[in-house]
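In case you want the letters, here they are:
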Number of protein chains: 2
Amino acid sequence: MQELKDRIVKEGKVLPGNIIKVDGFLNHRIDTVLMEHIAEEFGKYFNMDDVTLILTAEASGIALATVTAHHYGKPLVFAKKAKSDNIEGGLYRSDIFSYTYKKKVTLIVSKEWISPQDRVLIIDDFMANGEAMRGLIDIVRGAGASLVGVGCAVEKGFQGGGDRLREAGVNIKSLAIVESAQPGNIVFRED
Amino acid sequence: MQELKDRIVKEGKVLPGNIIKVDGFLNHRIDTVLMEHIAEEFGKYFNMDDVTLILTAEASGIALATVTAHHYGKPLVFAKKAKSDNIEGGLYRSDIFSYTYKKKVTLIVSKEWISPQDRVLIIDDFMANGEAMRGLIDIVRGAGASLVGVGCAVEKGFQGGGDRLREAGVNIKSLAIVESAQPGNIVFRED
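Nothing here was measured: the structure is a model prediction, and the numbers come from that model.

Colleague: Whenever I open this one, the environment of Gly157(B) confuses me. Can you help?
Modeller: Residue and element names in this part refer to chain B. For glycine 157, the location among the structural elements is in the loop between β9 (146-156) and α5 (161-167). On the basis of relative accessibility, which here comes to 6%, the residue glycine 157 falls in the buried class. The contact partners of glycine 157, leaving out residues within four places of it in the chain, are Asp163, Ile177, Val178, Glu179 and Arg189.

This is how it looks when you write it as structure tokens:
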């Protein structure tokens with residue numbers, strides 16, 4: 001998606017540790033107009049009529065997933081991290097390793113809000129090692145629901161998470177795949 | 001807001017510890033149509049032409065704040081909890097006590113994304129003791145920005161957080177203020 005790639009080149013910053021910082025429009029400050037354009041773009045790759053539920057993980061995926069759910073008139077569920085006192089009863093859960101926080105976190109979704117009849121599109125803002133995506137897919141499968149696909153805005157291709165999911169047969173579409181990132185030189189995978 | 005109150009009565013659950021669970025439409029599964037109606041309602045109470053930025057706190061406030069920001073064509077910033085490796089440089093921060101997690105958390109916003117010129121509307125899904133709101137207001141003031149107001153969907157009036165902010169002169173509007181909550185009997189404050 002050229003508009004997204006242009007924003008990454010223009011406004012993104014490359015930090016030590018292969019961190020690509022796009023927090024001016026994607027995951028701290030949110031450009032809601034760009035989110036709408038990304039939501040429209042996902043409609044080219046997934047049959048939204050077939051989707052009953054949009055699923056994401058807190059926190060930074062929520063904004064993009066909300067706009068996508070709103071755009072297509074779907075409900076949104078976001079997986080929470082760890083256990084809060086506000087969730088009673090049965091939970092679907094998946095343990096993942098968070099590279100951001102350097103520790104294990106558990107993604108949880110109440111069994112009330114995802115059913116075997118659901119056809120789920122997972123949406124997230126960012127994918128690196130793919131741990132959050134793996135956890136969300138675990139939860140979809142644990143619920144006996146169907147996975148329509150995975151839509152991601154920015155994928156760090158060189159960290160391999162997206163390709164592992166592709167090899168596993170997941171229908172995944174990332175709108176900008178970064179193959180290498182050096183300050184002043186961000187290279188994208190060809191579409 | 002009658003539609004919101006009706007949903008709380010119909011779908012909300014009262015749990016021990018005065019917890020009002022509205023996670024079927026507000027803060028775990030998100031009804032994006034209701035979020036749009038809530039966003040429209042905020043427009044009756046705040047002059048959106050005067051607002052340059054919508055601010056919320058992760059995680060559960062993000063969905064409503066995103067729809068509100070999108071509806072009025074504003075950027076959104078969400079305060080993060082604690083420090084992640086993805087935030088460099090200067091931060092505005094405020095320590096709050098999280099009753100959900102029973103511990104101190106620090107709300108942080110990068111100094112890049114809020115400026116003294118900003119006129120900020122804080123949006124959150126839920127207010128009980130008002131700690132998150134207090135922290136967000138701290139951050140607005142720390143940035144030297146102007147606080148237009150605070151819009152909240154559900155306020156637990158009996159926990160006093162909202163009234164403390166009103167007494168402090170904050171322009172706060174909650175669309176459903178719960179005065180008492182017993183299973184099967186939720187009483188709202190009169191508008």
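Having put the structure on the table, let's press on.
Colleague: Can you walk me through the interface of chain B and chain A in this structure?
Modeller: How big an interface is tends to be reported as the loss of accessible area on association of its parts. Taken together, the contact pairs 41 residues of chain B with 41 residues of chain A. Summed over both partners, the interface of chain B with chain A buries about 3800 Å², with 58% contributed by carbon and sulfur atoms. When the area that chain B buries against chain A is broken down by residue, the three leading residues are His28(B), His70(B) and Trp113(B), summing to 18%. One can count four salt bridges joining chain B with chain A. Salt-bridge contacts for Glu112(A) lead to Lys13(B); the nearest nitrogen and oxygen are separated by 2.8 Å. Across the contact surface, chain B and chain A share 18 residue pairs in polar contact (both at pLDDT 80 or more). Elements with a contribution of two residues or more to the side of chain B that touches chain A: β1 (13-15), β2 (19-21), β3 (29-30), α2 (32-45), α3 (61-72), β5 (76-81) and β7 (103-110) of chain B. Its residues assigned to classes, the side of chain B that touches chain A shows 16 nonpolar, eleven polar and 14 charged. Taken together, the two bridges between strand β5 (residues 76-81) of chain A and β3(B) define a ladder with antiparallel strand orientation.

Colleague: Quick question: what am I supposed to make of the pairing of strand β8 (residues 119-127) of chain A here?
Modeller: Side-chain positions along a regular strand alternate between the two faces of the sheet. Residue and element names in this part refer to chain A. Within β8, seven of the nine residues are buried, leaving the element largely enclosed by the surrounding structure. Two strands pair when backbone bridges link them, and strand β4 (residues 53-57) and β8 are joined in this way by three bridges, in the parallel orientation. Bridged to leucine 53 within β8 is valine 120. Note: β8 against strand β9 (residues 146-156), eight bridges, orientation parallel. Following the sheet pairing, valine 120 is matched in β9 by leucine 147. With helix α4 (residues 131-142) bridging β8 and its parallel neighbour β9, the resulting β-α-β unit is right-handed.

Procedures and definitions
- Residues numbered from 1 in each chain as written.
- Chains lettered and ligands numbered in written order.
- Predicted model: local features only at pLDDT ≥ 70, side-chain atom pairs only at ≥ 80, totals over all residues.
- Heavy atoms only, no water.
- Helix = DSSP H or I, 4+ residues; strand = E, 2+ residues; numbered from the N terminus.
- Buried < 20%, exposed > 50% of the residue type's maximum accessible area, 1.4 Å probe, protein only.
- Contact = heavy atoms within 4.5 Å.
- Buried area = accessible area lost by both parts, 1.4 Å probe.
- Salt bridge = Lys/Arg side-chain N within 4 Å of Asp/Glu carboxyl O.
- Polar contact = N/O pair within 3.5 Å; in protein donor to acceptor, adjacent residues only side chain to side chain.
- Nonpolar A, V, L, I, M, F, W, Y, C, P; charged D, E, K, R; others polar.
- Pairing = 2+ DSSP bridges.
- Right-handed = clockwise from strand over helix to strand, strands pointing away.

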